[in-house]
Amino acid sequence: MPATPLATTATTASTEPDNGTELGRGGDFGGFLNLEQLDRDLFRGWCHAGIPLRAFGGQVAAQALTAAGRTVPEDRVVHSLHGYFLRAGDTARPLVYSVERVRDGSSYLSRRVTAVQGGEIVFTLSASFKKRERTADRQTAMPDTPDPRSLPDMYEIWSRNNPEDYAQAEFRRVLEMRYAPGPSEPTPGLTEQKLWMRSAGPLPDDPMLHACALAYASDLFLAPATVLSTERPRMLREEPPSVFLTSLDHAVWFHRPFRADEWMLFAQRSPTAGDGRGLAFADVWSLDGELLAHVVQETVVRPAR
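To start, this report covers the structure provided alongside it. (Residues numbered from 1 in each chain as written. Predicted model: local features only at pLDDT ≥ 70, side-chain atom pairs only at ≥ 80, totals over all residues. Heavy atoms only, no water.)

## Examining the overall build of the protein
- When its secondary structure is counted, the protein shows six helices and 14 strands.
- The C-alpha atoms of the protein give a radius of gyration of 19 Å, which matches the 19 Å a tight globule of 305 residues would have.
- Projected onto its principal axes, the C-alpha coordinates of the protein cover approximately 55 × 50 × 40 Å.
- Taking all 305 residues of the protein together, the buried fraction comes to 50%.
- Total accessible area computed for the protein in this model is approximately 14,400 Å², and 50% of it derives from carbon and sulfur atoms.
- Taken as two groups, the 33 positive and 39 negative side-chain charges of the protein have centres that lie 4 Å from each other. (Helix = DSSP H or I, 4+ residues; strand = E, 2+ residues; numbered from the N terminus. Rg over C-alpha atoms; globule rule 2.2 N^0.38 Å. Buried < 20%, exposed > 50% of the residue type's maximum accessible area, 1.4 Å probe, protein only. Areas by Shrake-Rupley, 256 points an atom, 1.4 Å probe, with all protein chains shown as cover. Lys, Arg positive; Asp, Glu negative; His and termini not counted. Charge placed at Lys NZ, Arg CZ, Asp CG, Glu CD.)

Take a look at the structure:
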């Protein structure tokens, strides 16, 4: 399908914001993922904060994937990405994404993206794209989970519990969210939670944009899944965090076509934490039970200062 102008059209230099934020704060996924094309394989974008003054990792990864997607033919779809967060991004300055065309094969092709800020590498991404194939299809069953339409709006709860923190959360502008807690009798050593998420508004029929939207959402509350035995999620508590969390690496495998403007279940779990690190997984499902993607992330876990 043809790409949407929001996801693919370069922004001219004359639209660069004075305050260094507006390109990354468009109020929709097109705005959040918009990149200015500087050269053939060179792009620039702005990111909002995940925590104060630190660029949100999900947006950095999604913009890097957007840059990679701008260099591949329309008949290729992303099937995996692997990223490393090396430094905290500064929300007051743009990130420059340099794309390396590693391999162009007849079926698969690979791209490597380096995100640089102030002369230092902030994030690296490897992404692989392929042509769709008709083959036998197999998947496990979706876990039993309440329908998102039966669950309370987490933003309403969050805005009551901690209005200041809620007001600073930029992702609420582009995502709807519902929360389902883990089982009442959890497996020893395993922490679990479930999030239903979808774009807050309709998205164009551009598979690349939907993949980037899922990549953006996949980083939300995955790191906190590693510490659910210690503290409740951010939107459910009034007290400040007791732990410091920051992502080390992030991987996504895309299995089937999907729309990010329809409800997606992120069934998150963390089987281990130790040595100042935690590991978390997410299985991503459609509302009708199709297994869409898998996500894995390792996170720094330390006592809050």
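## Remarks on the pairing of strand β10 (residues 191-199)
- Across the nine residues of β10, seven count as buried, placing the element largely inside the fold.
- Strand direction decides the pairing type here: strand β9 (residues 175-181) and β10, joined by seven bridges, are antiparallel. Paired with tyrosine 179 across the strands is leucine 195, a residue of β10.
- Both β10 and strand β12 (residues 264-274) contribute to a ladder of seven bridges, which runs antiparallel. Residue pairing across strands places methionine 197 opposite methionine 264, the latter belonging to β12. (Pairing = 2+ DSSP bridges.)

## Thoughts on unusual backbone geometry
- Even without glycine at this site, phenylalanine 221 takes up a positive phi of about 60°.
- Mapping phenylalanine 221 onto the fold places it in the loop between α6 (207-218) and β11 (243-254).
- If you check the backbone angles, aspartate 275 has positive phi at about 60° while not being a glycine.

## Topic: the state of the cysteines
- Overall, the coordinates contain zero disulfides when judged by the stated rule.
- The thiol of cysteine 47 is not disulfide-bonded; the next cysteine sulfur, from cysteine 212, is found 12 Å away.
- By relative accessible area, which is 5% here, cysteine 47 ends up buried.
- The class of cysteine 212 is buried, set by a relative accessible area of 2%. (Disulfide = S-S within 2.5 Å.)

## Some thoughts on the environment of serine 128
- For serine 128, the position within the fold is in strand β8 (residues 120-130).
- Sequence spacing of serine 128 and arginine 111 is 17 residues, and the spatial spacing of their C-alpha atoms is 6.4 Å.
- Residues in contact with serine 128, not counting those within four places in the same chain, are Val77, Val78, His79, Ser80, Tyr108, Leu109 and Ser110.
- Polar side-chain contacts of serine 128 include one of 2.6 Å to the side chain of histidine 79. (Contact = heavy atoms within 4.5 Å. Polar contact = N/O pair within 3.5 Å; in protein donor to acceptor, adjacent residues only side chain to side chain.)

## Here's the deal with the nonpolar core
- Core analysis: the biggest nonpolar cluster contains 69 residues, and Leu65 and Tyr97 have the highest contact counts within it.
- A total of nine residues in this core trace back to one element, the largest contributor, which is α6.
- In this view, leucine 65 contacts Val78, Leu81, Leu125, Ala127, Phe129, Met208, Ala211, Cys212, Ala215 and Phe254; residues no more than four positions away in its chain are not counted.
- If you look at the next biggest cluster of nonpolar residues, it comprises eight residues, including Ala180, Trp196, Ala267 and Trp285. (Core = buried A, V, L, I, M, F, W, Y, C linked by side-chain atoms within 4.5 Å.)

## Side note on the packing of aromatic side chains
- Scanning all chains against the criterion turns up 10 aromatic pairs.
- For the pair tyrosine 155 and phenylalanine 171, a centre-to-centre distance of 6.5 Å together with 55° between the ring planes defines the contact as tilted. Taken together, the residues span a long stretch of sequence, with tyrosine 155 in helix α4 (residues 154-161) and phenylalanine 171 in the loop between α5 (163-168) and β9 at a distance of 16 residues. Per residue, the accessibility class of tyrosine 155 equals that of phenylalanine 171, and both read buried.
- On the numbers, 5.8 Å between centres and 70° between planes, the contact of tryptophan 158 with tyrosine 166 is edge-to-face. As far as the burial class goes, tryptophan 158 and tyrosine 166 line up, both buried.
- Taken together, the aromatic side chains of Tyr155, Trp158, Tyr166, Phe171 and Phe221 make up a single cluster linked through ring pairs.
- Positioned above the aromatic ring of tyrosine 166 is the side chain of arginine 172, whose terminal nitrogen or guanidinium carbon lies 4.5 Å from the ring centre. (Phe/Tyr/Trp six-rings, centres within 6.5 Å; stacked < 30°, edge-to-face > 60°. Lys NZ or Arg CZ within 6 Å of the ring centre and 35° of its normal.)

## Some details on the sheet that holds strand β13 (residues 277-286)
- Here 12 strands make up an open sheet; going across it, the order is β1-β2-β6-β7-β8-β5-β11-β14-β13-β12-β10-β9 and the pairing antiparallel. Where the open sheet ends on each side, the last strands, each with one partner, are β1 (36-39) and β9. With direction set aside, neighbouring strand axes in the sheet form an average angle of 25°.
- On top of the sheet, α6 reaches β5 (77-85), β8, β9, β10, β11, β12, β13 and β14 (291-303); it is set at about 150° to β11, its chief contact. (Axes fitted to C-alpha atoms, helices over the stretch in contact; angles between N-to-C directions.)

## Here's the deal with the pattern of salt bridges
- As enumerated under the stated definition, the model contains 21 salt bridges in all.
- Among the ionic pairs, aspartate 104 bridges to arginine 111, the shortest N-O distance being 2.8 Å.
- On the basis of relative accessibility, which here comes to 52%, the residue aspartate 104 falls in the exposed class.
- Look at arginine 111 and you get buried, because its relative accessible area is 2%.
- A salt bridge links arginine 198 to glutamate 176; the nearest nitrogen and oxygen atoms lie 3.2 Å apart. In this pair, arginine 198 is assigned in strand β10 and glutamate 176 in strand β9, connecting sequence segments 22 residues apart.
- With a relative accessible area of 21%, glutamate 176 lands in the partly exposed category.
- A cluster of three or more residues bridged by salt bridges with shared partners is formed by Arg40, Asp41 and Arg101. (Salt bridge = Lys/Arg side-chain N within 4 Å of Asp/Glu carboxyl O.)

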